[in-house]
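What follows is the residue order along each chain.
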Amino acid sequence: MSALRPLDKLPGLNTATILLVGTEDALLQQLADSMLKADCTSELKVHLARSLPLPCSVNRPRIDLIVFVVNLHSKLSLQSVEESLCHLDAAFFLGKVAFLATGAGRDSHCSIHRNTVVKLAHTYRSPLLFCDLEIEDFRAAMAQRLVRLLQICAGHVPGVSALNLLSLMRGSENPSLEDL
Amino acid sequence: METQSEEQAVTKPADSGGEGGPPQVAGAQAARPEDRMTLLLRLRAQTKQQLLEYKSMVDANEEKTPEQIMQEKQIEAKIEELENEVEEAKTAFEMKKLALDRMQLSTALKKHLEKVDIKTSVLMDNMKQILNLNKLIMKSQQETWDLEEKLLDVRKKRLQLKQASERKLLEIQTEKNKQKDDLDSMENSDKIKAIQQNLETEIQITTVIQHVFQNLILGSKVNWAEDPALKETVLQLEKNLTMI
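Please read these numbers as outputs of a predicted model, since none were measured by experiment.

Thresholds, definitions, all that
Residues numbered from 1 in each chain as written. Chains lettered and ligands numbered in written order. Predicted model: local features only at pLDDT ≥ 70, side-chain atom pairs only at ≥ 80, totals over all residues. Heavy atoms only, no water. Helix = DSSP H or I, 4+ residues; strand = E, 2+ residues; numbered from the N terminus. Contact = heavy atoms within 4.5 Å. Areas by Shrake-Rupley, 256 points an atom, 1.4 Å probe, with all protein chains shown as cover. Salt bridge = Lys/Arg side-chain N within 4 Å of Asp/Glu carboxyl O. Buried < 20%, exposed > 50% of the residue type's maximum accessible area, 1.4 Å probe, protein only. Polar contact = N/O pair within 3.5 Å; in protein donor to acceptor, adjacent residues only side chain to side chain. Axes fitted to C-alpha atoms, helices over the stretch in contact; angles between N-to-C directions. Parallel < 35°, antiparallel > 145°, perpendicular 65-115°, else oblique. Left-handed = near helix turned anticlockwise from the far one by under 90°. Nonpolar A, V, L, I, M, F, W, Y, C, P; charged D, E, K, R; others polar. Patch = residues over 30% accessible without salt bridge, like charges linked within 9 Å, V, L, I, M, F, W, Y side chains within 5 Å. Lys, Arg positive; Asp, Glu negative; His and termini not counted. Charge placed at Lys NZ, Arg CZ, Asp CG, Glu CD. Pairing = 2+ DSSP bridges. Core = buried A, V, L, I, M, F, W, Y, C linked by side-chain atoms within 4.5 Å.

Draft legend 1. Main features of the overall build of chain A. A count of helical and extended segments in chain A gives 5 helices and 5 strands. Along chain A, helices and strands appear, N-terminal first, in the series β-α-β-β-α-β-α-β-α-α. Taking the intrachain contacts of chain A between residues at least 6 apart in sequence as the baseline, contacts between residues at least 24 apart amount to 77%. Split by element, the accessible area of chain A, about 8,000 Å² in all, is 53% carbon and sulfur.

Structural data, given as structure tokens:
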């Protein structure tokens, strides 16, 4: 199965496609719904996947942004994300990948330490977002944010590209991570 | 992997008709021409941006080829170079930070000094003491410099003396050698030898004459001890001429 490559297909007119990867189907579905509710001038397409690689039989549009959703309460989600990462082309990590960690709010339920996810995101030089997807308001805000990111990654925002995004998002990162 | 990949649930919820769709649906079907215009302009900007991205991608891929050809050593050298650059940047940054810190400190101090009474402040006392200490340091440094200069002078003189004595010694040596050579040449010359031979024969002759005289005096049976002048002569004849 071949690795997923960015920019290997022509973009659809005014369409932006996001791929959400995670083991929590319900959360992904809710997030997708929230994203579609968000106000946006581009036509949004949301694909969900439990893990990578994707089957090649399906005809799918160009994928502009991949979000790996890690549930801090389950080790399985982290493991599956880590396995999925191997099936991505390196060019994707030039700003077209983001990590989303959910469940950090309830500390007692966490079976994965937050640092693990931070390190993972840092290893792949990709932005890491924290959000409790179970709470609707937070989910809506995150969906808004993701839609904005997706628009940039899809090239719908003139003057900004995914590469800019990478350096822009780094500012919010913890500076001590540079030493990791 | 295959089983997992089957689980991929591609949802295309409301591809254009869903909640995400309304704007462009409205744009496509709007009766107002301005909406259409804005939509077209936006699409143009989008296409331009996407074209730019593809172009940069192509450029990046083209740039990659020479890098792949490059030898590992070159890459290592380059890495070193870049690391050096990073180090330089770091040091520059540190320097700037230090300068900034100093400036901030000085401004803070200034502000503080403006507020505080000059005569009573501990800071001023400290400053004065520091100034005094600085003066002292400068003075002692000057002294050390002077002393060092003197030491240097003395060393210079010593060196000069040493050189002069060396020269003199060399001269003495050559002079001695010369004398020796002269002596050797004199001893070996024919003239000296002839003179020595002459001297030897003369000495022999004189000894013979002495002996003859002695025997003459003794044979004449004169009491030579009574006459002092004669006595002296006889005694003189006793001298061994080779001992001279």
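Now that the structure is up, let's keep going.
Draft legend 2. Just the overall build of chain B, in detail. Along its length, chain B carries 7 helices and 0 strands. Intrachain contacts of chain B at a sequence separation of at least 6 include 29% that bridge at least 24 residues. With the model as given, the accessible surface of chain B reaches about 21,700 Å², and the carbon-plus-sulfur share is 60%.

Draft legend 3. Summary view of the pattern of salt bridges. Residues and elements named next belong to chain A. Evaluated as defined, the whole model comprises 4 salt bridges over all chains. Residue aspartate 25 is joined to arginine 50 by a salt bridge in which the shortest nitrogen-to-oxygen separation is 3.8 Å. Placement of aspartate 25 in helix α1 (residues 25-37) and of arginine 50 in the loop between β2 (43-49) and β3 (65-71) is noted, with a sequence separation of 25 residues between them. By relative accessible area, which is 44% here, aspartate 25 ends up partly exposed. Using a relative accessible area of 25% as the deciding quantity, one classes arginine 50 as partly exposed. The partner of arginine 62 in a salt bridge is aspartate 64, and the shortest N-O contact between them spans 3.0 Å. In this structure, arginine 62 and aspartate 64 share a single accessibility class: buried.

Draft legend 4. How the structure looks around the side chain of serine 42 of chain A. Residue and element names in this part refer to chain A. Summarising the element assignment, serine 42 is placed in the loop between α1 and β2. Owing to a relative accessible area of 0%, serine 42 belongs among the buried residues under this scheme. A distance of 3.1 Å separates polar atoms of two side chains, one belonging to serine 42 and the other to glutamine 151.

Draft legend 5. The arrangement of the packing of α1 of chain A against helix α4 (residues 136-153) of chain A in detail. Residues and elements named next belong to chain A. Relative to each other, α1 and α4 sit at 65 degrees, their axes nearing to 8 Å. With respect to α4, the axis of α1 lies roughly perpendicular. Like other packed secondary-structure pairs, α1 and α4 cross with a definite hand, here right-handed. In contact with Gln30, Leu31, Ser34 and Met35 of α1, α4 contributes Arg139, Ala140, Ala143, Leu146, Val147 and Leu150. A class-by-class count of the residues in the contact of α1 with α4 yields 7 nonpolar, 2 polar and 1 charged.

Draft legend 6. Main features of a negative patch on the surface. On the surface, Glu72, Glu76, Glu80, Glu81, Glu83, Glu85, Glu87 and Glu88 of chain B cluster together to form a negatively charged patch. On the secondary structure map, glutamate 76 of chain B appears in helix α4 (residues 72-115).

Draft legend 7. Here's a closer look at the sheet that holds strand β4 (residues 97-102) of chain A. Residue and element names in this part refer to chain A. Spatial ordering of the open sheet is given by β2-β1-β3-β4-β5, a layout of 5 strands whose pairing is parallel. Since the sheet does not close on itself, it has two edges, and those belong to β2 and β5 (128-130), each with one partner. When the angles between neighbouring strand axes are averaged without regard to direction, this sheet yields 25 degrees. Two elements, β4 and β5, share 3 bridges in a ladder whose sense is parallel. In the strand pairing of β5, phenylalanine 99 is matched with leucine 128. Packing of helix α3 (residues 114-123) onto the sheet brings it into contact with β4 and β5, and relative to β5 it is tilted by some 150 degrees.

Draft legend 8. Broad picture of the nonpolar core. Residues and elements named next belong to chain A. Among the nonpolar cores identified, the biggest contains 35 residues, and Ile18, Leu20, Val67, Leu100 and Leu146 are the most heavily contacted of them. For this core, the element with the highest residue contribution is α4, accounting for 8 residues. In terms of nonpolar packing, the next biggest core, distinct from the first, is built from 24 residues, Ile63, Phe68, Ile112 and Leu120 among them.

Draft legend 9. Focus on the environment of alanine 154 of chain A. The topology assignment puts alanine 154 of chain A in the loop between α4 and α5 (162-170). Discounting chain neighbours no more than four positions away, the residues touching alanine 154 of chain A are Ala16, Arg62 and Asp64 of chain A together with Gln50 of chain B.

Draft legend 10. Focus on the packing of helix α6 (residues 190-219) of chain B against helix α7 (residues 228-237) of chain B. Residue and element names in this part refer to chain B. For the pair α6 and α7, the least separation of the axes is 9 Å and the interaxial angle reads 135 degrees. The pairing of α6 with α7 is recorded here as oblique in orientation. The chirality of how α6 crosses α7 is left-handed. Judged by residue contacts, Gln210, Phe213, Gln214 and Ile217 of α6 engage Val234, Gln236 and Leu237 from α7. Here the residues of the contact of α6 with α7 sort into 4 nonpolar, 3 polar and no charged.

Draft legend 11. Quick peek at a nonpolar patch on the surface. All names here are of chain B. A surface patch of nonpolar side chains, amounting to about 550 Å² of accessible area, comprises Ile205, Val208, Ile209, Val212, Phe213 and Leu216. With respect to the helices and strands, the residue valine 208 is situated in helix α6. Judged by relative accessible area, which is 53%, valine 208 ranks as exposed.

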